[in-house]
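Summary of the model geometry
Here is how the chains run, residue by residue.
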Amino acid sequence: MNWYFKDAGYQYIVLDDGWMAKERDGNGNLVADPEKFPNGMKHLADYIHSKGLKFGLYNCAGATTCAGYPGSRGHEYQDAQTYASWDIDYLKYDWCDTGKINAESAYTTMRDALYKAGRPVVFSICEWGDNEPWKWAKDVGHLWRVTGDIINCWDCEVGHGSWSSSGVWKIINMRKEIRKSAGPGHWNDFDMMEVGNGMTNAEDRSHFAMWSMLASPLVMGNDLRTASKETIKTLSNKEVINVNQDKLGIQGFRFTNENNMEIWIKPLENNQWALTFVNMSNHPVDFVFDWKKHDIGDDVNGRYVDMIKNTFQIRDLFNHKNLGDTSTNLKARIEPHDVLMVTLNK
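Each chain has its residues counted from 1, following the order in which its sequence is written. For a predicted model such as this one, the threshold for reporting local features is a pLDDT of at least 70, and the threshold for listing and counting side-chain atom pairs is 80 or more; totals across whole chains, interfaces and linings nevertheless cover every residue. Only heavy atoms go into the side-chain values, all of them from the structure, while hydrogens and water stay out.

Salt bridges are defined by distance alone: a side-chain nitrogen of Lys or Arg within 4 Å of a carboxyl oxygen of Asp or Glu. This model, assessed by the stated rule, comprises 18 salt bridges. Here Asp 87 ties to Lys 42 by a salt bridge, and the two come within 3.4 Å at their closest N and O atoms. Of this pair, Asp 87 sits in the loop between helix 3 (76-85) and strand 3 (90-94) while Lys 42 sits in helix 2 (residues 40-50), and the two are 45 residues apart along the sequence. Think of it in three bands: with a 1.4 Å probe and only protein chains considered, a residue is buried below 20% of the maximum accessible area for its type, exposed above 50%, and partly exposed in between. For Asp 87, a relative accessible area of 21% gives the class partly exposed. Helix numbering and strand numbering both begin at the N terminus, where a helix is a DSSP run of H or I of at least 4 residues and a strand a DSSP run of E of at least 2.

Structure (structure tokens):
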């Protein structure tokens, strides 16, 4: 792992589907694929921990995983004990091959199994938002997927037969009225990021900014071995990450959407605010924002600021520079699908 990512705050390495052998052993235990991981999971976990990082695995609430490997249905307590014996820190729990079982009940069973195993584990619920986990998962897991799988495009949908993958803005626009469910220790998960997987650098910046505004867990989905300098620069931007990691844990919201310019707002601790301006068009936009003509506020969380009576310093998070203050209009040229992300500090 590139150490600038660790320094930026990324903590977990998580193996997704396909890490295990096709069959359980004679005692019904999960077994690591002997070709992919000849020394087993405990050896790998020890190595990752020796680097100051944490280690996560994938499984599924169904009889088999999405890729056809052994799922945990009927083996929840046994598998939780196995993970504890391997010193696993994170479990992503999927929703394939589940038939007619109840989602809340299935995920609660695995939660209870993890509790009984006795090792603290981040529990990532991945049932794609089909059963509205934002209504029930706060006391079951730490994060829950709110949509199906993401794909590396700006605003598209790609079919795969009975299901489809969605681009960045399709996912952003898919769910309404769920932001009040997010907060410290319980997060709406908009899926792993596609930064570095083929979109433009501008689109990658907008994607990263939006996941930070939405307080979505920041999970990299790109190949770190081949990441470009621009991808590394985006994903390790501590000023943007600080917005995502703000202690209030408030999920941001769309403030305005006019003339192909989306403006999003996120309240931060110490009466600070983050604003993100996204150019949705295919051409550059010369943009002017009059602070005194807009009431900055968040009705859900009861946070407001009078922009006439208060003046804030403006910080550009991607260019790492100050842009004056709110006593004068904000003026900027934003390139196609690019972003201006700022914080306001009194």
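A general feature of soluble globular proteins is that nonpolar side chains tend to end up buried together. What makes a nonpolar core is a set of buried Ala, Val, Leu, Ile, Met, Phe, Trp, Tyr and Cys residues whose side-chain atoms join them at distances within 4.5 Å. Tyr 10, Trp 19 and Trp 211 are the most contacted members of the largest nonpolar core, which has 77 residues in total. Broken down by element, the residue count for this core peaks at seven residues, all from helix 4 (residues 103-117). Excluding residues that lie within four positions of it along the chain, Trp 211 makes contacts with Ile 150, Val 168, Ile 171, Ile 172, Phe 190, Asp 191, Met 193, Ser 216, Pro 217, Leu 218 and Asn 244. Counting residues in each nonpolar core, the second largest holds 21 residues, with Leu 275, Trp 291, Met 307 and Phe 312 among its members. It only takes one pair of heavy atoms within 4.5 Å for two residues to be counted as in contact.

At a minimum axis separation of 8 Å, helix 3 and helix 4 run at an interaxial angle of 45 degrees. Here helix 4 runs oblique to helix 3, going by the angle between their axes. You can see that helix 3 and helix 4 cross each other, and the crossing is right-handed. From helix 3, Glu 76, Tyr 77, Ala 80, Gln 81 and Ala 84 reach across to helix 4, where they touch Thr 109, Met 110, Asp 112, Ala 113, Leu 114, Lys 116 and Ala 117. To get an axis, a line is fitted to the C-alpha atoms, and for a helix only the part in contact is used. The angle between two axes follows their N-to-C directions and goes from 0 to 180 degrees. Note that the term roughly parallel is reserved for angles under 35 degrees, roughly antiparallel for angles over 145, roughly perpendicular for angles of 65 to 115, and oblique for everything else. Handedness of a helix crossing follows the sense of rotation of the near helix relative to the far helix, less than a right angle counterclockwise being left-handed and clockwise being right-handed.

Let's shift gears to the pairing of strand 11 (residues 272-279). Each regular strand shows side chains that alternate between the opposite faces of the sheet. With seven of eight residues buried, strand 11 lies mostly within the body of the structure. Following DSSP output, two strands are said to pair if at least two bridges run between them. Remark: three residues form the turn of the hairpin made by strand 10 (residues 261-268) and strand 11, two consecutive strands paired antiparallel; Asn 270 in that turn has positive phi of roughly 60 degrees. Where strand 11 meets strand 18 (residues 339-345), six bridges bridge the pair, whose relative direction is antiparallel. In the strand pairing of strand 18, Phe 277 is matched with Leu 340.

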